[in-house]
2 protein chains.
Amino acid sequence: MNITNPSILPGFMELLPKDQELFDSVKEIIEENFKKYGYINIDTPLIEKEEILLSKGGGETSKQIYRIDKEKNPQALRFDLTVSLARYVSMYSQNLNFPFRRYQIGKVYRGERNQKGRYREFYQCDIDIIGNENLDLINDAEIVSVMYNIFNDLGLKNIVFKISNRKLLQGFLESIEINKTEEIFRIIDKFEKIGKENIISEFKKIELEDKKIKEILEFIDNFSKNEDILDLLKSKKINNELYSLGVYELETVYNYMKKFGVSDDSIQIDLKIIRGLDYYTSTVYETFLKGHESIGSICSGGRYDNLTNNFSKKKYPGVGLSIGLTRLFYYLKEQNLLNLLPKEDIVLIIPMDKKTLDYSITIVNELRKNNIRSQIYLEDTKVKKKFSYANNIGVKQAIIIGESELNENTITLKDFIIGEQKIINKDKIIDYIGGKNENYISR
Amino acid sequence: MNITNPSILPGFMELLPKDQELFDSVKEIIEENFKKYGYINIDTPLIEKEEILLSKGGGETSKQIYRIDKEKNPQALRFDLTVSLARYVSMYSQNLNFPFRRYQIGKVYRGERNQKGRYREFYQCDIDIIGNENLDLINDAEIVSVMYNIFNDLGLKNIVFKISNRKLLQGFLESIEINKTEEIFRIIDKFEKIGKENIISEFKKIELEDKKIKEILEFIDNFSKNEDILDLLKSKKINNELYSLGVYELETVYNYMKKFGVSDDSIQIDLKIIRGLDYYTSTVYETFLKGHESIGSICSGGRYDNLTNNFSKKKYPGVGLSIGLTRLFYYLKEQNLLNLLPKEDIVLIIPMDKKTLDYSITIVNELRKNNIRSQIYLEDTKVKKKFSYANNIGVKQAIIIGESELNENTITLKDFIIGEQKIINKDKIIDYIGGKNENYISR
C-alpha cells in the first residue's frame, strides 16, 4: 500500500495533548466568563455566501479570503465573526431580544503571509452587545470588565486596556480645521508600530503644515494619569460638539469601567488608539500586556453604530471586543506566561492482572457515577508498562487493584505527587478521591 | 448604500438563541461524558491537504468534498474526523501515550444533496481508543458505556445498541463456501433500509444460489434474546477459525458491556449490522432509538485494525464511536424528544432608573464574583420594557432595584416562575440566588 506522508498545511496550529489541554483551559476560562456575564452563544456556519462576506467591498480581505470551489453560489470561509453577526442580527432581528448580548468562539480563515505567531486558521473569541436603534453608553464600560476578569483568571495581572474615543479626535481635528480625518486616523493608527518620527513624515506626505502636525502630536501623544488627561481635555477651549460629546463619552466609559471593577492601573486613556477598521464610531479599545507590548494588542474592539448597514435599513448600534485566541496562546506559551492547572485530573484505575479486572470495573463505574473523571487501564501488559503509562499521562492519583485488594474489598490509592499510597475500604473511595479542583489554579 | 439580502447557504443549520442553548446543552452533555471517561480532546485543522483526505482513494467522498480554491497545495475541508485522527496518530505517534484515548467534537463538510435532516456542515462527536500494535478487546465494550451514559443523560431511555462482529459473519460465509464477502456485506448493510425482499433480489443479482440465500438469511435475520443468539452461534458446527474468533469476541464484548453498566435491554446482538465503511475489521455497532428507527443509526462505529495504513507502516489498531450531532439534534427537536433544562439560568438585575444604576452595579459585581451568571439591564427605558425584556429572555429570577432598595441596602428578588417577590438584605443575596442547577435536569 502507498504511504502518504502525514502532514498538515503551513500556517495551521495543531497541538499535542498536553498543549491542547492548556489551550482548552484558556478557551474554557474565556467561555465561562462570557457566560457568567450573561452573553449567549450563537454558532454560525463557517461558510458564508461571498456576497455577504464581501458586502463592504473587497480590498485586503478579498485577497486573503479562502474561497470554496463548489457549485454556482460563490462561497468562502469567514474571515472574522463580525460579518456573520451583522448578517445574523439583520436576518433574525424579529426573533432576538435587544440588547442582544452574544458571544461566539470559532475558527476564522485568512490567507496571510506565513510568519511567526500568525496563523491562517485561528480562533476568535468575540462578545458584542447589540441594541435596537439605541444602546446605552454604559455598555461600553461593562464589556471591558468581562475581558478584565478573563485576563485575571488567566493569571495575567499586567494588563492595560487602552481606550479612546474617535468622536473626540475627530472633533479636535475639525476644531483645528483639518478635514483629512480618514487619512490622519490611518496614520495615527500606525503610531505604536512605526514610531513618532515616521508618523511625522507620513503627515508631511499628506501635506499637513508643521504647525498642525505639532498640534496633533501634542494632543494625542500625551501620557499621564487618566484623571489628568480627562481634566486637560475638559479644560481645552474647543468649541466643537463632536469633541464635547467625545470627551463626555470617554469620561463616562472610564468612570464606569472602574465601577464595574476594572482597576485604574489597568486602564490607560490613549488618544493614539484608533482601530484601523472603519466601522468604529466612538469608543475604541486595545489591550496590551505590560512588558510584552511587542505581542501587539491581545484584545480589541469598540463601538460601532452602523454594523448592519449592508444588510438592513434599520439601525443596530453595538459595542464589541474580540480576543484572537490562537495568536495569544502562541505568545503566552512562547513567553512562558501560562501557569494554569487543569480543572480536573484523571484518576487511573490499574488492575494488576486479568483476575482483578472485573472488580476494577466496578470501581471505575462507581467513580464515574460520582462524576469523577476516571479511566481504567485495560491492556493486559506488564505491571511496569502500566505504571509508566500512568506517569506519562501525568495522573496525580491512581487506584491499584491486586489480589489482596480484591479479596479484602479495598483499593490501594497511590498519590503520584507526594509519592505515598494507602489502603482504603471500597465504600470510602468517593471520600478520598478529590477529582475536581474547585477552580483553575495558577501554580 | 446597497443592501445585500442577509441569508445563508442551503444545507446549513443555524439556530436562534433558545434552540442554540438547547443544542449547546446536548453538546456539553456529550463533551462532559467524554471527559469523565478519560478521553482527551484534540483539535485538528478543518482544512487538510487533499492527498491526506483522499489517501484511501476517491469514490463518493471525492465528489462530496469541499475544495478550497487557493494556492498550489490542493486542499479541502475535512469530511469526517477519522482521517484527521489517523493522520494525527501517524504524525505524532512518538509523542502520544498509548492506548491513546481521544475525543473530538467538530464540524465536517459534505456536499450532500439537500434534504430533510441532512446537512452539508455538521458536527461529529467522536471518541476513539488507539493502541500501539495491540488494543485489548475489552475496550470495544467500555467505549459503548460512554455513549450509553450520554443518551441516559439526554433523557433518551429507549436506546438500543445493535452490535455484531464482521469476523463472525465472514467466517460463516467462508464455511458455506461463499467468497463474495465484500459484495454480500454491501448488500446486508442495506437490510434495514430496503427490507428482506429487496435483499433477496440483490443476492440473486450477484448469482447466489437460492439455497445459499436461505442459509445466509436464516443466519443473519435472527432476532431473539442475546444469550439465546450467543448459545445458538456457539452450538453451530462451523469449523472455521475466523468464525470461532468472531463468536468469542462478540460474546466477550457483550458480557463486558453489561459489566460496564449497559443494561441488557439496551443491547441487541444483530448480525445484519455491517457498517458500510470498509475499514472496520471486527466489532461493529449501530444505535437506534426504539420507536424512532426511521431516524436511522444515531451513533455508529466499530473496531478497525488498519486505520493508519495510508500514513504509516506501523500498526495502530483502534475502536471508535461517533455521534452525528447536527442530524440527531434536528430529529430530537422535530420529534419533541429533548427535555433539558439549561445548566444555569441568567439572573437579571433591573435598576428602576439612573439613580439606582451605581448601586445595581455593585450587586451584579457581587454576583459575578460568586460565579453566578448574571446580567444588568443598562438601557434607560420604561420600566415596562425592562420587565418585558426579562420575560422574553426567559429569566427565572430578577433582582429589582428601586429607590427604597437603594436607601435600605436591600434588593427585591422576583421569582418569575412562582410569581412571588421578596425583599432581601444586600449581604444575604448569595444565599438566596441559586444560580447553578446541580445537574442537567430532565423536565
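Predicted model, so just to flag it, every value in this text is computed and none were measured. (Residues numbered from 1 in each chain as written. Chains lettered and ligands numbered in written order. Predicted model: local features only at pLDDT ≥ 70, side-chain atom pairs only at ≥ 80, totals over all residues. Heavy atoms only, no water.)

### Structural notes on the overall build of chain A
Part 1 of the argument: Helix and strand content of chain A: 16 helices and 16 strands.
Part 2 of the argument: The principal-axis extent of the C-alpha atoms belonging to chain A is close to 90 × 55 × 45 Å.
Part 3 of the argument: By residue count, 59% of the 443 residues in chain A fall in the buried class.
Part 4 of the argument: Long-range pairs, those at least 24 residues apart, make up 69% of the contacts in chain A with a sequence separation of at least 6.
Part 5 of the argument: Within the structure as shown, chain A displays about 18900 Å² of accessible surface, and the carbon and sulfur contribution to it stands at 44%.
Part 6 of the argument: The averaged location of the 67 negative side-chain charges in chain A is 2 Å from the averaged location of its 66 positive side-chain charges. (Helix = DSSP H or I, 4+ residues; strand = E, 2+ residues; numbered from the N terminus. Buried < 20%, exposed > 50% of the residue type's maximum accessible area, 1.4 Å probe, protein only. Contact = heavy atoms within 4.5 Å. Areas by Shrake-Rupley, 256 points an atom, 1.4 Å probe, with all protein chains shown as cover. Lys, Arg positive; Asp, Glu negative; His and termini not counted. Charge placed at Lys NZ, Arg CZ, Asp CG, Glu CD.)

### Overview of the relation of the copies chain A and chain B
Part 1 of the argument: When chain A is brought onto chain B, the operation consists of a screw motion whose angular component is 180° and whose axial shift is 0.0 Å, with 0.1 Å RMSD remaining. In the structure described here, the two chain copies are related by an operation that fits a two-fold rotation axis.
Part 2 of the argument: Residue by residue, 100% of the interface of chain A is reproduced at the interface of chain B, so both copies engage with the same surface. (Least-squares fit on C-alpha atoms with pLDDT ≥ 70 in both.)

### Remarks on the pattern of salt bridges
Part 1 of the argument: In this structure the tally under the stated criterion is 60 salt bridges over all chains.
Part 2 of the argument: A:K258 is paired through a salt bridge with A:E227; the nearest N and O atoms lie 3.1 Å apart. Highlighted residues: A:K258 in helix α11 (residues 241–259) and A:E227 in helix α10 (residues 226–235), separated in sequence by 31 residues.
Part 3 of the argument: Judged by relative accessible area, A:K258 falls into the partly exposed class, the value being 27%.
Part 4 of the argument: We note a salt bridge from B:K167 to B:E249, for which the minimum N-O separation is 2.7 Å. Here B:K167 is found in helix α6 (residues 166–175), whereas its partner B:E249 is found in helix α11 (residues 241–259), with 82 residues between them in sequence.
Part 5 of the argument: Residue B:K167 is classed as buried on the basis of its relative accessible area of 15%.
Part 6 of the argument: What makes B:E249 buried here is its relative accessible area of 8%.
Part 7 of the argument: Here the salt bridges share partners, and the residues they tie into one network are A:K162, A:E192, A:K196, A:D221, A:D270 and A:K272. (Salt bridge = Lys/Arg side-chain N within 4 Å of Asp/Glu carboxyl O.)

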